[in-house]
Amino acid sequence: MDDNEFYEMLQTAGERCYNISELLDYIEPKYQRYENAIRWCVAGMADYAAQLAAQGQEARLPQLRRLRIEMAEFWGLTEDITRKGYEEMIEGHNKAFDHAVSEARASGCAPPLTEQTKKNILDGLEVHARELRHTDTELEDSAVECDILAEALKERWQIIAAPPEQTMGGMC
């Protein structure tokens with residue numbers, strides 16, 4: 001089932017009665033895949049930020065740092081759903097981001113971004129933007145920001161991508 005069919009099913013749920021357990025059983029696998037995509041995206045964005053920091057390209061770092069937290073909060077990427085759990089999640093994500101960036105700045109090196117990492121970032125941005133739009137029309141600006149970032153990354157990575165016969169090494 002693709003996403004359009006999924007949302008159509010939810011919109012036409014009134015035509016068939018689902019109990020809450022049936023509905024949760026139906027949507028749980030899809031949202032687990034979405035959550036995994038977001039986790040991989042958030043991790044990949046820290047790697048991308050390290051690449052930028054190693055190159056001295058600092059302009060996008062605040063946006064990446066903020067967006068990672070917004071995505072983690074929206075998707076509840078914490079086991080502890082209390083206020084303290086969310087605060088610890090934010091602190092952990094920011095600490096990991098800041099560590100990756102400061103290490104890359106200090107050394108001038110960052111691990112290479114694999115094609116899978118790039119795909120994870122783009123997939124996560126797409127899922128997040130789509131879910132923002134389906135959740136609340138007031139979140140359209142945030143969805144557009146994800147779309148714009150994804151397009152900029154696609155363009156950047158097409159320009160810097162190595163030809164197929166070569167391998168792309170790290171920054172060191």
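Report on the accompanying structure. None of these values were measured; they are calculated from a predicted model.

Right, let's talk about the overall build of the protein for a bit. Looking only at helices and strands, the protein features six helices and zero strands. Sequence-ordered secondary structure for the protein, helices as α and strands as β, is α-α-α-α-α-α. Split into buried and exposed, the 172 residues of the protein put 37% on the buried side. Counting contacts in the protein only where the partners sit at least 6 residues apart, residues at least 24 apart contribute 74% of the total. For the protein, the exposed area adds up to about 10,400 Å²; of that, 52% sits on carbon and sulfur atoms.

With that out of the way, let us pick up the nonpolar core. Note that soluble globular proteins tend to have their nonpolar side chains buried in a common cluster. Tyr48, Leu64, Met71, Ile121, Leu125 and Leu153 are the most contacted members of the largest nonpolar core, which totals 39 residues. Contributing elements (two or more residues each) for this core: α2 (20-54), α3 (61-75), α4 (83-107), α5 (115-135) and α6 (140-160). Counting residues per element, this core draws most heavily on α2, at 13 residues. Each residue touching Tyr48, except ones within four places of it in the same chain, is listed here: Arg60, Leu64, Leu113, Ile121, Leu153, Arg156 and Trp157.

This paragraph deals with the state of the cysteines. Taken as a whole, this structure holds zero disulfides when the rule is applied. Cys146 carries a free sulfur, and the closest cysteine sulfur to it, the one in Cys41, is 7.9 Å from it.

A separate point is the packing of aromatic side chains. Scanning the model with the defined rule gives three aromatic pairs in all. Here Tyr48 and Trp157 contribute two aromatic rings whose centre-to-centre distance is 5.6 Å and whose plane-to-plane angle is 85°, an arrangement assigned as edge-to-face. Linking Tyr48 in helix α2 with Trp157 in helix α6, this pair joins segments that are 109 residues apart in sequence. The pair Tyr48 / Trp157 is uniform in exposure class, with both members buried. Relative to Trp75, the ring of Phe74 lies with its centre 5.7 Å away and its plane at 65°, an arrangement referred to as edge-to-face. Put simply, the rings of Tyr34, Phe74 and Trp75 touch in pairs and so form one group of aromatic residues.

What counts as what
Residues numbered from 1 in each chain as written. Predicted model: local features only at pLDDT ≥ 70, side-chain atom pairs only at ≥ 80, totals over all residues. Heavy atoms only, no water. Helix = DSSP H or I, 4+ residues; strand = E, 2+ residues; numbered from the N terminus. Buried < 20%, exposed > 50% of the residue type's maximum accessible area, 1.4 Å probe, protein only. Contact = heavy atoms within 4.5 Å. Areas by Shrake-Rupley, 256 points an atom, 1.4 Å probe, with all protein chains shown as cover. Core = buried A, V, L, I, M, F, W, Y, C linked by side-chain atoms within 4.5 Å. Disulfide = S-S within 2.5 Å. Phe/Tyr/Trp six-rings, centres within 6.5 Å; stacked < 30°, edge-to-face > 60°.

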